[in-house]
Amino acid sequence: MKIHLSSVFVDDQDKALRFYTDVLGFVKKTEVPLGTDRWLTVVSPEDPDGTELLLEPDRHRAVQPYKTALVEDGIPAASFAVDDVPAEFSRLRGLGVRFTQEPLEMGPVTTAVLDDTCGNLIQIVHSE
């Protein structure tokens, strides 16, 4: 068994697609119209057949309280692996990305947390 799909709830699918592709570097995998929304997924260009991230609309009544509580408590909605957290932090900050946690080393793990502009905190992580 392996993880096939995970999702983040986003307030605007177009804005999310631009951020996750143009800024974070993912590539669009699937886009299927579903009324006013879409089944919209992105993947890592390094693993185009790997785990997909669904950019899911956040209109369900349970989602906004959940997202708000996570952000207020500083809890990331998702975690993405990178090869070098300080380098990725510098690259993303140069693109105007706002971070809520700068790179932090915790033994063999380094993390940083960013705002995805769509209502979520996202952690980038590298572990040795």
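These figures come from a predicted structure and were not determined experimentally.

J.: A description of the overall build of the protein chain should follow, citing residues and the corresponding values.
T.: Scanning the protein chain from terminus to terminus reveals 3 helices and 8 strands. When the helices and strands of the protein chain are read in sequence order from the N terminus, they spell out β-α-β-β-β-α-β-α-β-β-β. A compact globule built from 128 residues would reach a C-alpha radius of gyration of about 14 Å, and the protein chain, at 15 Å, matches this within 12%. In terms of overall dimensions, the protein chain has a C-alpha envelope of 45 × 35 × 35 Å along the principal axes. For the protein chain, with 128 residues in total, the buried portion stands at 38%. When the accessible surface of the protein chain is totalled, it reaches about 7,700 Å², and 53% of it is carbon and sulfur. A gap of 6 Å separates the mean positions of the 12 positive and 22 negative side-chain charges of the protein chain.

J.: Provide a residue-level description of the side chain of Q13, including the pertinent values.
T.: Summarising the element assignment, Q13 is placed in helix α1 (residues 13-23). Once you skip the residues sitting within four places of it in the chain, Q13 turns out to touch D37, R38, L40, L55 and P57.

J.: How would you sum up unusual backbone geometry? Please name residues and give values.
T.: The phi dihedral of T117 is positive, around 70 degrees, even though this residue is not glycine. As for its placement among the helices and strands, T117 is situated in the loop between β7 (109-115) and β8 (121-127). The class of T117 is partly exposed, set by a relative accessible area of 39%.

J.: I'd like a rundown of the sheet that holds strand β2 (residues 27-34), residues and numbers included.
T.: Strand order across the open sheet formed by 4 strands is β1-β4-β3-β2, with mixed pairing between neighbours. Unpaired on one side and paired on the other, β1 (5-10) and β2 mark the two borders of the sheet. When strand polarity is set aside, the average angle formed by the axes of neighbouring strands in this sheet is 25 degrees. In the sheet, β1 pairs with strand β4 (residues 52-57) via 6 bridges, with the strands oriented parallel. Bridged to V10 within β4 is P57. Running at roughly 10 degrees to strand β3 (residues 37-43), α1 makes contact with β1, β2, β3 and β4 of the sheet.

Cut-off values and rules
- Residues numbered from 1 in each chain as written.
- Predicted model: local features only at pLDDT ≥ 70, side-chain atom pairs only at ≥ 80, totals over all residues.
- Heavy atoms only, no water.
- Helix = DSSP H or I, 4+ residues; strand = E, 2+ residues; numbered from the N terminus.
- Rg over C-alpha atoms; globule rule 2.2 N^0.38 Å.
- Buried < 20%, exposed > 50% of the residue type's maximum accessible area, 1.4 Å probe, protein only.
- Areas by Shrake-Rupley, 256 points an atom, 1.4 Å probe, with all protein chains shown as cover.
- Lys, Arg positive; Asp, Glu negative; His and termini not counted.
- Charge placed at Lys NZ, Arg CZ, Asp CG, Glu CD.
- Contact = heavy atoms within 4.5 Å.
- Pairing = 2+ DSSP bridges.
- Axes fitted to C-alpha atoms, helices over the stretch in contact; angles between N-to-C directions.

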